[in-house]
Amino acid sequence: MEVLRPPAALAATALLALAIAGCTTEYPIATEPAPTAISEDDTLSAFAPDGVKIGSAVAGGGHHEAQTYPDPFSGDEQYRSVLVAEFTSLTPENQLKWEYLRPTQDEYNFDAADAIIEFAQENGQDVRGHTLLWHSQNPGWLEQGNFTADELREILQDHITTVVSRYAGKIQQWDVANEIFDDAGGLRERDNIWIRELGPEIVADAFRWAHEADPDALLFVNDYNVEQIGAKSDAYYTLVQDLLAQGVPVHGFGVQGHLSIQYPAPSMQANLERFADLGLQVAITELDVRVPVSGDSRPEQSAIDTQAEYYSTMLEACLAVDACTSFTLWGLPDKYSWVPHFFSGEGAATVLWDDFSRKPAYCDLQELLAEKSGTTADAAFTSRVCAA
Ligand code: G3I
């Protein structure tokens, strides 16, 4: 990856940066979309250390369907160009979930997912597949189907085999089991249809079926509120040890990272390390950091600065652990974030303002990546407005 630029280009980029981009400390008053990058190598992924993928969710489905804007992935060219420039990994936000892939029991609809995966292939990006076994966003025909245990088992096996084998070699990581524990560390035995009807052993089978369908894909458990050591991450730690002891192909621990500055920033490194010590990869899979908002007014500057610290804390912990090879943001810019639709009084959770200009969080992430990959010696980088 080319990160050191020739002096002339660097001077030009720095000037251009001062003129048009930079990390806004004020809410932008833009009449036209701001440029998203100073040049193609002034991005997050351009500064990432070798072996660390920087990812984003690909907006579409879910909460977007109730908004007035067109589908972001197919309808927003600026957004698509940011996905290409900034990221080396993409996660379909909703398009690989059951309710999108399985409109009816006998039908698979791969159109939206295929489009994203083809796009990733064209642009040399990895894909994180999200998700195969979850309690949420399941179709009505499944949840209300009154199937027998044998039927449900067959439905799940067919789904996992069909979907994972379709994208074999194109999806590098799968969130096989998503959010299977509650915050107290208990298995979701009531609201997860698979665990309720088929018992906890179904989790191991889901991993086995996924592995058979694509032996090269890395298979993850994935959840929120598992950043640091506690009841919920302990439950995963125990589960993963049990699965490994049975020879079940589980390869990764995914930490979603949906944070709010109203709570203390999590201390994540020791937790990541204990999973890495089991031989697992670890990944930050859905990071966003929400801040207090009021109506249409801009968030307090202090909140935006604190947000940047939280993003940095998460990246620092990931970069400190060799097994943390994937760091994914749950979407951008703010206008496409799920957060305001779920959390009243909170928002502005991504690293880009609505016009795609950079927040301090973006700049801090970029600087940390540069430090880790040893590019801070690049004088032009350190003098860029982003680092100011
Ligand atoms: O199903 C209802 C439908 O009946 C109703 O008519 C419609 C009206 O808006 O809403 C539908 O529910 C939507 C749901 O997606 C299903 O498509 C919700 O409004 C919508 O808010 C929801 O959003 C998605 C959410 O997952 C669902 O849990 C978000 O777009 C998506 O970003 C979010 O992503 C999850 C990850 O998959 C897992 N980790 C947490 C993360 C954030 O919640």
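Residues numbered from 1 in each chain as written. Predicted model: local features only at pLDDT ≥ 70, side-chain atom pairs only at ≥ 80, totals over all residues.

### Quick look at the overall build of the protein
Part 1 of the reasoning: A count of helical and extended segments in the protein gives 15 helices and 10 strands.
Part 2 of the reasoning: Sorting the 388 residues of the protein into buried and exposed places 46% on the buried side.
Part 3 of the reasoning: Restricting to contacts in the protein with at least 6 residues of sequence separation, those with at least 24 account for 77%. (Helix = DSSP H or I, 4+ residues; strand = E, 2+ residues; numbered from the N terminus. Buried ≥ 20, exposed ≤ 12 C-beta atoms within 10 Å, placed from the backbone. Contact = placed C-beta atoms within 7 Å.)

### A short note on helix H9 (residues 202-213)
Owing to its 3.6 residues per turn, the α-helix brings residues three or four apart onto one side.
Part 1 of the reasoning: With 12 residues, H9 extends 16 Å between its outermost C-alpha atoms, agreeing within 8% with the 16 Å of an ideal straight helix rising 1.5 Å per residue.
Part 2 of the reasoning: For H9, every residue scored as buried is listed here: Ile 202, Val 203, Ala 206, Phe 207, Arg 208, Trp 209, Ala 210 and His 211.
Part 3 of the reasoning: In the core, the buried residues of H9 are packed alongside strand S3 (126-133), helix H7 (149-166), strand S4 (173-178), helix H8 (193-198), strand S5 (218-223) and helix H10 (231-245). (Expected span 1.5 Å × (residues − 1).)

### Concerning the pairing of S4
Part 1 of the reasoning: With 6 of 6 residues buried, S4 is to be regarded as a mostly interior element.
Part 2 of the reasoning: Pairing of S3 with S4 involves 4 bridges; the strand directions are parallel. When the sheet's bridge partners are listed, Arg 128 is paired in S4 with Gln 173.
Part 3 of the reasoning: Note that S4 and S5 share 5 bridges and pair parallel. Looking at the pairing, Trp 174 lines up with Leu 219 of S5. (Pairing = 2+ DSSP bridges.)

### Structural notes on the site of the ligand
Part 1 of the reasoning: For the ligand, the set of nearby residues contains 13 residues, the closest of which are Gly 62, His 63, Ala 66, Glu 93 and Trp 338.
Part 2 of the reasoning: By residue class, the composition of the shell around the ligand is 3 nonpolar, 8 polar and 2 charged. (Near = placed C-beta within 6 Å. Nonpolar A, V, L, I, M, F, W, Y, C, P; charged D, E, K, R; others polar.)

### Observations regarding the nonpolar core
Part 1 of the reasoning: Grouped together as the largest cluster of nonpolar side chains are 102 residues, with contacts concentrated most on Val 176, Ala 206 and Ala 210.
Part 2 of the reasoning: Ignoring anything within four residues of it in the chain, the contact list for Val 176 reads Leu 132, Leu 133, Ala 206, Phe 207, Ala 210, Leu 219 and Phe 220. (Core = buried A, V, L, I, M, F, W, Y, C linked by C-beta atoms within 7 Å.)

### Notes on H7
Part 1 of the reasoning: Taking 1.5 Å per residue, 18 residues should reach 26 Å; H7 reaches 26 Å between its end C-alpha atoms and fits that length.
Part 2 of the reasoning: If you check which residues of H7 are buried, you get Leu 156, Ile 160, Val 163 and Val 164. End-on, the buried residues of H7 take up no more than an arc of 95°, which puts them together on one face. In H7, the exposed positions angled more than 90 degrees off the buried face are occupied by Asp 150 and Glu 154.
Part 3 of the reasoning: In this structure, the buried side of H7 is in contact with helix H4 (98-101), S3, S4, H8 and H9. (Arc of directions from axis to C-beta.)

Purely geometric numbers; function is a separate question.
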